[in-house]
Amino acid sequence: MARVKVYLDFLSQPSRAMYIFCKATGIQHEIVLISTMREETKTDKFTALNPLQQVPVLKDGNFALTESVAMLRYLANTRDIADHWYPKDTKQQARVDEYLEWQHIGTRFLCSSFFMAKMMKPMKTRIPPNEKNVQNIKDVMEKQLELVERIWLKNGEKDFIGGGKDVSVADLLAACEMEQPRMAGYDVRDKSPVLKLYMDRVQDRLNPHYAEAHVGLNEMVKKFKGEVPKSHYEN
């Protein structure tokens, strides 16, 4: 099969998921780095590729996709990869899809919103975060994380979200989303033993690619420790 191009930014959680997926499955691919911080998604060239001005983007010849779930499904259906990623069995696949449909308003929305409100927006605008707003988002995010633990993982009875014996694209997206709040000083592993075991399990299964994808995130965690420096607002 032809080599696909994946346009991504490692600060983007679905971008990290796409990187890990391509590496772990052995799909022939080329990585094209795009910086959202430098607003490279807003250039005319990138906008022609994705009018939504977001990453990741998958390009397979003249065919392009701009949504990560669609990309993962497309690659699973067009490339020869292990079945556990996106099972062909109708019921098993439906279990994976069930989470993929829910996560947009669950982990995807809330983990991203917390990071954006506490770190990304203040860094871009040089205006301190609205602490009340950050706390409100955090409260709702924690309720969604509790649902992951209680419903999707059945309080630790399930090793993986889809209920299979190995990782699926649902776990890949879930883990990458739940890493995002770490850049804003919130680590889901510290709040829940079940989620810690789950995150560690997924990471162990997907290393070294998981670790590679999160180098930039870990550097940001170490540098900022979850807070935008006060000096940032003074310049």
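Okay, so let's go over this structure. (Residues numbered from 1 in each chain as written. Predicted model: local features only at pLDDT ≥ 70, side-chain atom pairs only at ≥ 80, totals over all residues. Heavy atoms only, no water.)

What follows is about unusual backbone geometry. If a residue is not glycine, its phi is most likely negative; likewise, a peptide bond is most likely trans. Cis geometry is found at the peptide bond from V55 to P56, where omega equals 5 degrees. Among the secondary structure elements, P56 is positioned in the loop between helix 2 (44-49) and strand 3 (57-60). A positive phi angle is found at E39, which is not glycine, with a value near 60 degrees. Considering the arrangement of structural elements, one finds E39 in the loop between strand 2 (29-33) and helix 2. (Helix = DSSP H or I, 4+ residues; strand = E, 2+ residues; numbered from the N terminus.)

In the structure shown here, the tally under the stated rule is 17 salt bridges. As a salt-bridge pair, D159 and R201 come within 3.8 Å of each other at their nearest N and O atoms. Of this pair, D159 sits in the loop between helix 6 (131-152) and helix 7 (169-179) while R201 sits in helix 9 (residues 193-206), and the two are 42 residues apart along the sequence. For R201, a relative accessible area of 26% puts it in the partly exposed group. Between K196 and D200 there is a salt bridge, with its nearest N and O atoms 2.8 Å apart. Highlighted residues: K196 and D200, both in helix 9, separated by four residues, approximately one helical turn. Here D200 falls in the partly exposed class, since its relative accessible area comes to 23%. Bridged by salt links that share partners, the residues E179, R182, D187, R189, K196 and D200 form one connected network. (Salt bridge = Lys/Arg side-chain N within 4 Å of Asp/Glu carboxyl O. Buried < 20%, exposed > 50% of the residue type's maximum accessible area, 1.4 Å probe, protein only.)

Contact pair helix 4 (residues 90-102) / helix 7: the axes reach a minimum separation of 9 Å and the direction vectors enclose 25 degrees. Between helix 4 and helix 7, the crossing angle belongs to the class labelled roughly parallel. When you trace helix 4 past helix 7, the crossing you get is left-handed. Contact residues: V96, Y99 and L100 in helix 4; V169, A170, L173 and A174 in helix 7. (Axes fitted to C-alpha atoms, helices over the stretch in contact; angles between N-to-C directions. Parallel < 35°, antiparallel > 145°, perpendicular 65-115°, else oblique. Left-handed = near helix turned anticlockwise from the far one by under 90°. Contact = heavy atoms within 4.5 Å.)

Along the chain, D97 falls in helix 4. Its relative accessible area of 17% is what places D97 among the buried residues. Residues contacting D97, with those up to four places away along its chain left out, are R73 and Y86.

For the rest of this paragraph, the subject is the packing of aromatic side chains. Overall, the coordinates contain eight aromatic pairs when judged by the stated rule. Residues Y7 and F46 carry aromatic rings whose centres are separated by 6.4 Å and whose planes lie at 70 degrees to one another, so their mutual orientation is edge-to-face. In this pair, Y7 sits in strand 1 (residues 4-8) while F46 sits in helix 2, placing the two residues 39 residues apart along the sequence. Assessed through its relative accessible area of 4%, F46 is described here as buried. Ring centres 5.1 Å apart and planes at 80 degrees place the aromatic pair F10 and Y19 in the edge-to-face group. Taking the relative accessible area as the measure of exposure, F10 reaches 22% and is therefore partly exposed. Cluster of aromatic residues (ring-pair linked, three or more members): Y99, W102 and W152. (Phe/Tyr/Trp six-rings, centres within 6.5 Å; stacked < 30°, edge-to-face > 60°.)

Burial runs high along strand 1: four of the five residues are buried. The sheet contact formed by strand 1 and strand 2 spans five bridges and is parallel. Counted as the bridge partner of Y7 is V32 from strand 2. Crossover connection from strand 1 via helix 1 (residues 13-25) to parallel strand 2: handedness right-handed. The pairing of strand 1 with strand 3 spans three bridges and is antiparallel. Within strand 3, the position partnered with K5 by the bridge is K59. (Pairing = 2+ DSSP bridges. Right-handed = clockwise from strand over helix to strand, strands pointing away.)

Glancing now at the packing of helix 4 against helix 6. For the pair helix 4 and helix 6, interaxial distance at closest approach is 13 Å and the crossing angle is 170 degrees. In terms of orientation, helix 4 and helix 6 fall into the roughly antiparallel class. Mapping the contact onto sequence places E98, Y99 and W102 in helix 4 and Q144, L147, V148 and W152 in helix 6. The residue makeup of the contact of helix 4 with helix 6, split by class, is five nonpolar, one polar and one charged. (Nonpolar A, V, L, I, M, F, W, Y, C, P; charged D, E, K, R; others polar.)

From the geometry alone we can't say anything about function, so treat these as descriptive.
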